[in-house]
Amino acid sequence: MKPYPSESPYDPAEPPDDAETGVFAGEGRGGDAAFLPPLPRAGPDERAQVAGWLAAQAGQATALARTAARLGALDERLRRGPKGWRHRLALIEAAELSWWAGERVTADRLGLWLAMRIGAEGEGTATLQRAAWAFRRLSGGPGPVADLAGFLGRHETRGGEPLADRIAAVQSLLAEAEGLHPVARAGLAFRLWPLAGIGPEGDMLEGAVVAARVAAAGMQGGTPFAPLAMGGAGALRGGGDAAERLDRWLRGMDQALRKAARHLDDIAAWEQGARAQAAALSGRTPPRLIDALRDWPLLTAPMAETLTGASRAAVQRNLAWFERHGLVHEVTGQGRFRVWQAV
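Because the structure is a prediction, the values reported are computed rather than measured.

**A look at empty space enclosed by the protein**
(1) Moving on: Under the defined criterion, the tally for this structure stands at 3 cavities of 30 Å³ or more.
(2) Moving on: There is about 90 Å³ of room inside the largest cavity.
(3) Moving on: Forming the walls of the largest cavity are 11 residues, and the residues nearest its centre are F190, A235, R237, R245 and W249.
(4) Moving on: Elements with a contribution of two residues or more to the lining of the largest cavity: α8 (182-196) and α10 (242-278).
(5) Moving on: Across the lining of the largest cavity, the residue classes break down as 5 nonpolar, 2 polar and 4 charged.

Structure below.
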């Protein structure tokens, strides 16, 4: 696979740091607690985090096994299913993470940007670029375990210090935590993120994406990431000691995994029914349109035109037929700029 580009799609600001008492006390992008000075290298406090999570894992063996089994089941299902399923789940997760991070990029807006690079002006472009970065990293490619700096595309300096030193410190700590199951090690990675002072102040989007990929490091190629925000942001809430954090991490991930499995059940049933109903239609547009609706949670006519290679008239005609037969639903209620989703 090709390495990721050396440049990140957005410029970082000043990094956050974390005291044990809690920049994670709040939800989303962090609490109001004061920040400690940067911790560019792994020291005793950070290594104590590893020990704490190892102890917490021992007390959560049953819950960890259940969550890991559910993640393995999702991996096997995606490995055997259409590639569009992975694309669909990654897009939904990237949009959910964007909402959790306070940037409120919807799935249809992100999809329009990814498919056609439209839908943003001014500051909105940077917001969409960040969500698109999350989508690309969740979708596949080299993971963060072997090369965290390459995964992030972060090679700049901060305060005269190469950011690579801080990134290397996190990677070293995660390597020391080899006794942790990848699912638990992902929770530790998310916990370490503000301590390392890598991302912009109060911004945990990168840390969540890294953690989602770390959790799936032991999978067999079906899913490159573990869903975290799809079933709510419970896994991403902070506060408490390692045992409390791991318990919340496992429960939140388990909920997200169950939501992902139900979503795949629904879209598989829809696709089977849609192909049966549309079998009598002629031309290549109907099956291609079904593929697009399977792969993208929300679809506009311009997106469908681009993805299917059909004319606007053919797309509109087939979408109208799908709507009359109960296969799609127009979600905006508008006469223009309409958006459809599979029913």
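**Here we look at the sheet that holds strand β4 (residues 328-330)**
(1) Moving on: Strand order in the open sheet formed by 3 strands is β3-β5-β4, with antiparallel pairing between adjacent strands. Of all the strands in the sheet, the pair left with one neighbour each is β3 (299-300) and β4.
(2) Moving on: Where β3 lies against strand β5 (residues 339-342), 2 bridges are found, and the strand directions are antiparallel. Bridge pairing in β5 places T300 opposite V339.

**Digging into the pattern of salt bridges**
(1) Moving on: Taken as a whole and assessed by the stated rule, the structure comprises 13 salt bridges.
(2) Moving on: R80 is paired through a salt bridge with E76; the nearest N and O atoms lie 2.3 Å apart. Pair noted here: R80 and E76 are both in helix α2 (residues 61-80), with a separation of 4 residues, about one helical turn.
(3) Moving on: Overall, R80 belongs to the exposed group, its relative accessible area being 66%.
(4) Moving on: On the basis of relative accessible area, E76 is assigned to the partly exposed category, the value being 28%.

What counts, and at which threshold
Residues numbered from 1 in each chain as written. Predicted model: local features only at pLDDT ≥ 70, side-chain atom pairs only at ≥ 80, totals over all residues. Heavy atoms only, no water. 1 Å grid on protein atoms, 1.4 Å probe; cavity = no way out; pocket = protein on both sides within 12 Å on 5 of 7 lines; lining within 4 Å. Points joined across faces, edges and corners; volume = space filled by probe spheres on them. Helix = DSSP H or I, 4+ residues; strand = E, 2+ residues; numbered from the N terminus. Nonpolar A, V, L, I, M, F, W, Y, C, P; charged D, E, K, R; others polar. Pairing = 2+ DSSP bridges. Salt bridge = Lys/Arg side-chain N within 4 Å of Asp/Glu carboxyl O. Buried < 20%, exposed > 50% of the residue type's maximum accessible area, 1.4 Å probe, protein only.

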